[in-house]
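# Report on the structure
Residue strings, one per chain:
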Amino acid sequence: MWVREGECNQCGKCCETVNLTVARDVALRQHGNVQELERYLSFRGIRLAGEDIENNFLFYSLDIPCSQLAPDKRCLLHNRPEKPFICLRYPTARDDIEDCSYTFKQYGTTIPGP
Ligand code: SF4
Ligand code: SF4
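Description of the structure in this document. (Residues numbered from 1 in each chain as written. Chains lettered and ligands numbered in written order. Predicted model: local features only at pLDDT ≥ 70, side-chain atom pairs only at ≥ 80, totals over all residues. Heavy atoms only, no water.)

### Quick look at the site of ligand 1
In the neighbourhood of ligand 1, the contacting residues comprise Cys15, Cys66, Gln68, Leu69, Cys75, Lys83, Pro84 and Cys87. With respect to the pocket detection grid, ligand 1 is positioned in the largest pocket. Looking at side-chain class alone, the shell around ligand 1 contains six nonpolar, one polar and one charged residues. (Near = heavy atom within 4 Å. 1 Å grid on protein atoms, 1.4 Å probe; cavity = no way out; pocket = protein on both sides within 12 Å on 5 of 7 lines; lining within 4 Å. Sits in = over half its atoms within 2 Å of the grid points. Nonpolar A, V, L, I, M, F, W, Y, C, P; charged D, E, K, R; others polar.)

### Quick look at helix 1 (residues 24-31)
Turn by turn, an α-helix covers 3.6 residues, leaving residues three or four places apart pointing in a common direction. Buried within helix 1 we find Arg24, Ala27 and Leu28. Axial view of helix 1: buried residues confined to an arc of 95°, hence all on one face. Within helix 1, the exposed residues directed more than 90 degrees away from the buried face are Arg29 and Gln30. Check the buried side of helix 1 and you find it contacts strand 2 (18-23), helix 2 (34-42), strand 3 (46-52) and strand 4 (57-62). Note on helix 1: the residue one or two positions beyond its end, Gly32, has a positive phi of about 95°. (Buried < 20%, exposed > 50% of the residue type's maximum accessible area, 1.4 Å probe, protein only. Helix = DSSP H or I, 4+ residues; strand = E, 2+ residues; numbered from the N terminus. Arc of directions from axis to C-beta. Contact = heavy atoms within 4.5 Å.)

### So, the pattern of salt bridges
In the structure shown here, the tally under the stated rule is eight salt bridges. A salt bridge links Arg47 to Asp63, with the shortest nitrogen-to-oxygen separation between them at 2.9 Å. Taken together, the residues span a long stretch of sequence, with Arg47 in strand 3 and Asp63 in the loop between strand 4 and helix 3 (85-89) at a distance of 16 residues. For Arg47, a relative accessible area of 39% corresponds to the partly exposed category. Judged by its relative accessible area of 51%, Asp63 falls in the exposed class. Between Arg74 and Asp72 there is a salt bridge whose closest N-O contact spans 2.8 Å. (Salt bridge = Lys/Arg side-chain N within 4 Å of Asp/Glu carboxyl O.)

Printed below as a string of structure tokens:
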């Protein structure tokens, strides 16, 4: 089990992009193949950020900053009921944001014997 450790350093990086998860099989059926899909998305400024073939996911990323992110990187909705649920919980798993100060440690792993 992965457990989150650390605290938010308020770098604001997670508020600068929108990340979307789509059904991989549906997207590839619509576009024919990954290259076609990437080309189509690139014309709209959308990156294909990764995939999880086993769980049938594709991950899109868009450089659209949140309107509630202040110039000093504070969240204008901090401690307010309007703050989105996903922002209260983020990150729930390891992400690829280098500046994020959270780490994840794995506990309860059984190491196979000889
Ligand atoms: S609501 Fe606040 S925490 Fe959520 S993305 Fe916007 S600035 Fe970031
Ligand atoms: S990327 Fe991590 S450290 Fe930076 S604001 Fe988001 S949760 Fe906090």
